[in-house]
Structures are given as C-alpha cells and as structure tokens.
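Inside the fold
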Amino acid sequence: MRNAYRAYAAKRLVQAVVVILLAYVLTFVVVSILPGDPITSVLRDPQNGFTEAEIQEIVAAQGLDKPIPVQLWTSLCHFLTGDLGLSMRSSRPVATLIAEVLPSTLVLASAGLAVALLLAAALGYGSQFLPKRFGQGFLRGFPALFLSVPNFVIGLVLIHLFGFQFGFFRVLDPDSVRATFFAAIALGIPVSAQIAEVLIANLDHESRQEYAAVARGRGLGPTRLFVRHLLKPSSLPVVTVIALTIGELLGGSLITETVFGRTGIGSLVQRSATSHDLPVLQAVVSLAAVVFVLVNLIADLVYPLLDPRVKLIGDHRPRPAGADESAADTSGAVTP
Amino acid sequence: MTVALPSSAWRVTAASRLAVLRVPPAVALSFAVIALVIAWSIVPGLFTSFDPVNGVPADKLLGPSAAHWFGTDHLGRDLYTRVVYGTASSVESALIAVSIGVAAGGLIGLLAGFLGGWVDVVLARLVDVLLAIPSFLLAVIIVTALGFDTINVAIATGLSAVAVFARVMRAEVIKIRQATFVEASFLLGGSRWHILSRHVLPNASRSVLTLAVLRFGLSILVIASLAFLGYGDPPPASDWGLLISIGKNYLKWPWLVYAPAFVTIATVLSINRISRWLRQTA
C-alpha cells in the first residue's frame, strides 16, 4: 500500500509539472498565433505617444523581433526562474503588479469558498431532513437555480438591496469587512451549487446504507445522524469537487471585483484586457493554471489518505463515488 | 410464444413513445420560454412597436407600466424592446459557441478515442492542459487577442469549452468501441470508416448532444458575463449582458438591471431544465 501510494504520488507530481509547463506554452501560443498584433495595437496607439525609436527599443527589450519559438523558449526559461516579464503598458515588472493585488483576491476567494461550503452544507442538511412535502423538493431545486444566475446579477442585487436600500454596507468603500462579506456571497453562491449537487447525491447514497438505518434505529436525531454519520463519508468525495471549483473562484472573482469595484487580480485582468497588455494576461492565466493544478494535486494526494476505501489502480485518479456523469457535466472540469 | 413476441415488442415501443410524449409541466413551460426566445431572435419587430435605438428623451427612466413593460432607460428607449432586439445576438453567439465546442471538441475526442495509441496520449494531454486553465480566464485572453466584438466573444466562449466536449466524446467513443456489436461488425468485415459512421458516431452523439444543450445555457451566461465586462459590441447594441452592465450605473431605477437579468435567468433555467429532462429520458 505504502509503495503503491509513493508510486502514485510520484506519477501525479510529474503529471502536474508537465501540465503546468504545457499550460504556459499553450497560453503563449494562443497569444502569439491569434490574429491581432500587440505591438501595433498598444505601442503605435497615438494616445500612448511613443516615438518610432522608442517603439524599436521596447520591441528589442521585450524580444518581440525574434521568431516565435525563440521567444517562447526565453519566456519559458524566465517563467521557470520566477521572472514574469514587464508590463507592456506601464513597463513595471508583472510580478510586482500581481503581488500588489494578490492579497485582496486571496481574501475574497477564501471568503467566497467559505460561503460556498457553508451554503452547500446547509442545502445538504435540508435536502435530507426537511419534511418531504414541505421544503425539501424546493431546496433541492436551489443548485439548479444558482447555476442559472449570472454571478454579476447576484452581486448587483446584493448591492441594490443591502448597499442602497438597507444600507448594510457602503458601496464606495469596497474593501471594508462588510462589503467583502457581500462580495463573498456573490462569489460563493454559484460555486456552492456545484458542491451541493455532489454532496446531495452522496448524502442520498449514504442515507440508504445499512449503518444509517441502524443509527436511526438506535434513535439518533436528524442532526446527530447528519453530523456524526452521514457528513464525513459524503463530504470526502466533495474534496475533489472543491479542488475543481478553484478555477470557478478565480474566474468569478474577475466579475465580482468589477461589480463591487474592488482592486485585485480580477481588476488587473480587466485593466490589462482593455489595454491589450498581453504579458500581464499571460502571467495571470499561467499562474491561475499553476494554482489550479497544485490544488488538484494536493486534493488527489490527500484523498487516498483520508478515505481508506479508495484503491489506487493504475493511473486512475481517485473518483468520488457520487460524482456521476451528470454532476461532472455541470462542473465542466472533472478529468476522467 | 412466437405470436406473443412481436406483440410484446410492439407494446414496449408504444410505452416508450408515450413516455417521451408525457412531458412534465415544468419542461413544457421551459419549451414555451425557449420558443418565445427563438421567436424574439428571428422576428423581433413582431413583438414590439418601439425603436430599439432611438428613444423619446421626455420618457426617460419611466417605471414598468402597461405601455412600457420593462420601463424605459436613460435615453427614453423602451427596455422591453431593447431586450427583444438584443435576443438575436445573445442567442446566436451562444449557438456559435456551442457549435465550435461540439465540432472541435467532438473531433479531438473522436480521434483520440477511435485511433488510440500515441494520438490518444497527445490529445488527452492537450485536453488536460486546456482543463487546467480556468475557462473564463481562457475566454478573456482569447477575446483580448482577437479583439473586442460579439462574434469574437462567441468564438472565445466556444474555444474555452472545447476540452469539455473532447473529454465526453473520447469517453463515449472508448466505451462504444469496446461494445460487442462493434466487435461483431469488425469480424463481419466492416471497415473502420463503416464502424465509425454507422456505429460509433450515432451512439456517441446522444450524450454529446445532451451536453451541448447544457453548455448552450452555460454559454449564454459566459457570453453575458463577457458582454457585461465590455468585451462585446458597444452600445447601441443591446446584448443582455450589456443591458445589465448599462443598468448597473442606474441602480436607483433597478428595473434596468432586474428586467434583462430576469429574461437571462428564465432562458438559462429553461435550457437547463430541458437538458436535465433529456438526460433522464435518454
């Protein structure tokens, strides 16, 4: 078992490194091959007022005059040593730009994840223990509803109701604790839907098991049954789903930050996109891929340790029991 | 016994036909919503008599009423009219996006699953890499490289969904390729092309189509988000996401946000309900 785990861990580690490197290459290729020339669209933009000599200097400094494979190789080498290049717009190091706004996004994303987990747990509890004819079916419809609402709409509704009507937070002070709380709700609600769908499917599966019937027969109340018996086996597979929603959290923070007027990675992406600052965009997208791959690597490595029932067969990654094809389709990112 | 067989077989098909026809009311309502949305996108002029671009300045920021169902915007334009005229580009973009995803993703998945070997290894790795990049960020970087307009938003949304289609198609093809009837067809001398076109594609297409319906709803959301961020056509275009984005500057008149948001949510909810129904009956 121990040896099998080591082999599995080594294999997943190598796989993760390969995926990260290829993700960088892929974004680089997307940026350089797609039509649309960053040099003409940014540097020759009359609003920027660069002279022809300055343009030549910037092009040479960024290595934009070299063939694309050479550019890719130098850029990849720099990426591996932690050098993310210079912003085309402000000529400041991209790493500095990202480091400045990262803490704010980390706060928002972790608060959003916390909201998503709490909401998913509440939906899971309600899906099992609310009276069948009163509320249970209604509650089970929530994940489907959450998946149909654009998250900027949730943000705007929260701003309109709690910012303007009730005055719970000041819209002009987006970094305050209260405003962050509401931004986290807007970010967390769509994410909670994906977690809740898998959690509810697992809870349904577990509550049909014999041990649940025995526990009920011993006279355990719904809350004790939920917390002591059902929650643990049902939420283990959810670990994998949570890791997969990281991409959702990163993408969602882009919109949530714009809606709430926060500064962060999202607003940096938004600014760089509107000014065609491709080096910044490429760095953020590659870093997002790194975060996504690392979080999923950790989830996959921790999972067999948490759940002794999981067997490591070949190179198949541990698969949540309840994550059938339907749940996988909606999350849209479960690898087989 | 021989007499009973055909009649029982007939009964089974009749029963399954009835099961298909027995549509739950929620699904019937969803189909009605989608029919209305399609009608809006094809003949918007039939549903409203107002002009979507030129407004009446004196009538600006009126609340919802019998004359203006969704109220009017800051330039005195009827918001219901703007929503109806914005349907075409919102829905068409989602259709383009899903077509790109089905075509490109389906081809990648088909090649990987059917050919196997090193082709499968290379393509499966490519799909893994695509899945590692958060799809919304991928769409943003593609639309930035292509330039901001609604058609590029549709292309970017489609490309960011390629990996999901490829994964499902590959899994289906591998599953079907190992089925006994494919083996039988091969032993009867069926060529690769024959097996592919007569057995693999028809059987794989069902789950890919179900996924396509689901991704159609999701694409409407992604395209609305990209339009909301200002990557689509600028005003006076009236994509749903753009309408909400304009409305957010006038939150004192909340129907400017709530009305287009309601239409978007109702559409996506209907599509998702239909997709779930297809998955249950299929």
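The following paragraphs examine the structure supplied in this document. Since we're looking at a predicted model, the values are computed, not measured. (Residues numbered from 1 in each chain as written. Chains lettered and ligands numbered in written order. Predicted model: local features only at pLDDT ≥ 70, side-chain atom pairs only at ≥ 80, totals over all residues. Heavy atoms only, no water.)

Moving on: the overall build of chain B. Secondary structure assignment for chain B yields 11 helices and zero strands. Seen in sequence order, chain B has helices and strands lined up from the N terminus as α-α-α-α-α-α-α-α-α-α-α. Along the longest, intermediate and shortest principal axes, the C-alpha atoms of chain B span 75 × 50 × 25 Å. For chain B, the residues scored as buried account for 50% of the 282 residues in total. In chain B, once contacts between residues fewer than 6 apart in sequence are set aside, the share between residues at least 24 apart is 70%. As displayed, chain B offers around 13200 Å² of accessible surface, 70% of which is attributable to carbon and sulfur atoms. Side chains of chain B give 20 positive and 12 negative charges; the mean places of these two sets differ by 14 Å. (Helix = DSSP H or I, 4+ residues; strand = E, 2+ residues; numbered from the N terminus. Buried < 20%, exposed > 50% of the residue type's maximum accessible area, 1.4 Å probe, protein only. Contact = heavy atoms within 4.5 Å. Areas by Shrake-Rupley, 256 points an atom, 1.4 Å probe, with all protein chains shown as cover. Lys, Arg positive; Asp, Glu negative; His and termini not counted. Charge placed at Lys NZ, Arg CZ, Asp CG, Glu CD.)

All names here are of chain A. The N-to-C vectors of helix H1 (residues 2–33) and helix H4 (residues 68–80) enclose an angle of 140°; their axes lie 11 Å apart at closest approach. Between H1 and H4, the angle is such that the two are oblique. Taken as a pair, H1 and H4 cross one another with a handedness that is right-handed. Residues Leu21, Tyr24, Val25, Phe28 and Ser32 of H1 form the contact with H4, whose own contacting residues are Ile68, Gln71, Leu72, Ser75, Leu76, Phe79 and Leu80. Residue composition of the contact of H1 with H4, by class: nine nonpolar, three polar and no charged. (Axes fitted to C-alpha atoms, helices over the stretch in contact; angles between N-to-C directions. Parallel < 35°, antiparallel > 145°, perpendicular 65-115°, else oblique. Left-handed = near helix turned anticlockwise from the far one by under 90°. Nonpolar A, V, L, I, M, F, W, Y, C, P; charged D, E, K, R; others polar.)

This brings us to the interface of chain A and chain B. In this complex, chain A contributes 55 residues to the contact, which on the side of chain B involves 43 residues. Interface of chain A and chain B: buried area, both sides summed, is about 4400 Å²; carbon and sulfur atoms make up 78% of it. Between chain A and chain B we count zero salt bridges in total. In this structure, the connection of chain A to chain B is made through four residue pairs in polar contact (both at pLDDT 80 or more). Those elements giving two or more residues to the side of chain A that touches chain B turn out to be H1, helix H7 (142–146), helix H8 (151–165), helix H13 (246–260), helix H14 (265–274), helix H15 (278–306) and helix H16 (325–331) of chain A. (Buried area = accessible area lost by both parts, 1.4 Å probe. Salt bridge = Lys/Arg side-chain N within 4 Å of Asp/Glu carboxyl O. Polar contact = N/O pair within 3.5 Å; in protein donor to acceptor, adjacent residues only side chain to side chain.)

Along the polypeptide, B:Asn152 turns up in helix H6 (residues 150–160). Those residues within four positions of B:Asn152 in sequence are excluded, and the remaining contacts are B:Val143, B:Leu146 and B:Gly147.

Turning our attention to helix H7 (residues 162–177) of chain B. For H7(B), spanning 16 residues, the distance from its first C-alpha to its last is 22 Å, which sits close to the expected 22 Å at 1.5 Å a residue. Every buried residue of H7(B) is accounted for by B:Val162, B:Ala163, B:Val164, B:Phe165, B:Ala166, B:Arg167, B:Val168, B:Met169, B:Glu172, B:Val173 and B:Ile176. (Expected span 1.5 Å × (residues − 1).)

Turning our eyes to something else, we now look at unusual backbone geometry. Following B:Pro235, the chain continues into B:Pro236 via a peptide bond in cis, with omega recorded as 10°. You can see B:Pro236 is positioned in the loop between helix H9 (192–228) and helix H10 (240–247).

This part is about the packing of aromatic side chains. Applying the stated criterion to the full structure yields 12 aromatic pairs over all chains. On the numbers, 6.2 Å between centres and 45° between planes, the contact of A:Tyr5 with A:Tyr8 is tilted. With A:Tyr5 and A:Tyr8 both in helix H1 and three residues apart, the pair spans about one turn of that helix. On the basis of relative accessible area, A:Tyr5 is assigned to the buried category, the value being 18%. Arranged with centres 6.2 Å apart and planes meeting at 55°, the rings of B:Tyr250 and B:Trp253 form a pair that is tilted. Accessibility expressed as a relative area gives 28% for B:Trp253, which makes it partly exposed. Three or more aromatic residues joined by ring pairs make a cluster, and in this case those are A:Phe162, A:Phe166, A:Phe181 and A:Phe182. (Phe/Tyr/Trp six-rings, centres within 6.5 Å; stacked < 30°, edge-to-face > 60°.)

All names here are of chain B. Scanning all chains against the criterion turns up four cavities of 30 Å³ or more. Put simply, the largest cavity is a space of about 60 Å³. In this structure, the largest cavity is lined by Asp73, His74, Leu79, Arg82, Leu243, Ile246, Gly247 and Leu256. Counting only elements with at least two residues in the lining of the largest cavity, the list comes to helix H3 (79–115) and H10. The residue makeup of the lining of the largest cavity, split by class, is four nonpolar, two polar and two charged. (1 Å grid on protein atoms, 1.4 Å probe; cavity = no way out; pocket = protein on both sides within 12 Å on 5 of 7 lines; lining within 4 Å. Points joined across faces, edges and corners; volume = space filled by probe spheres on them.)

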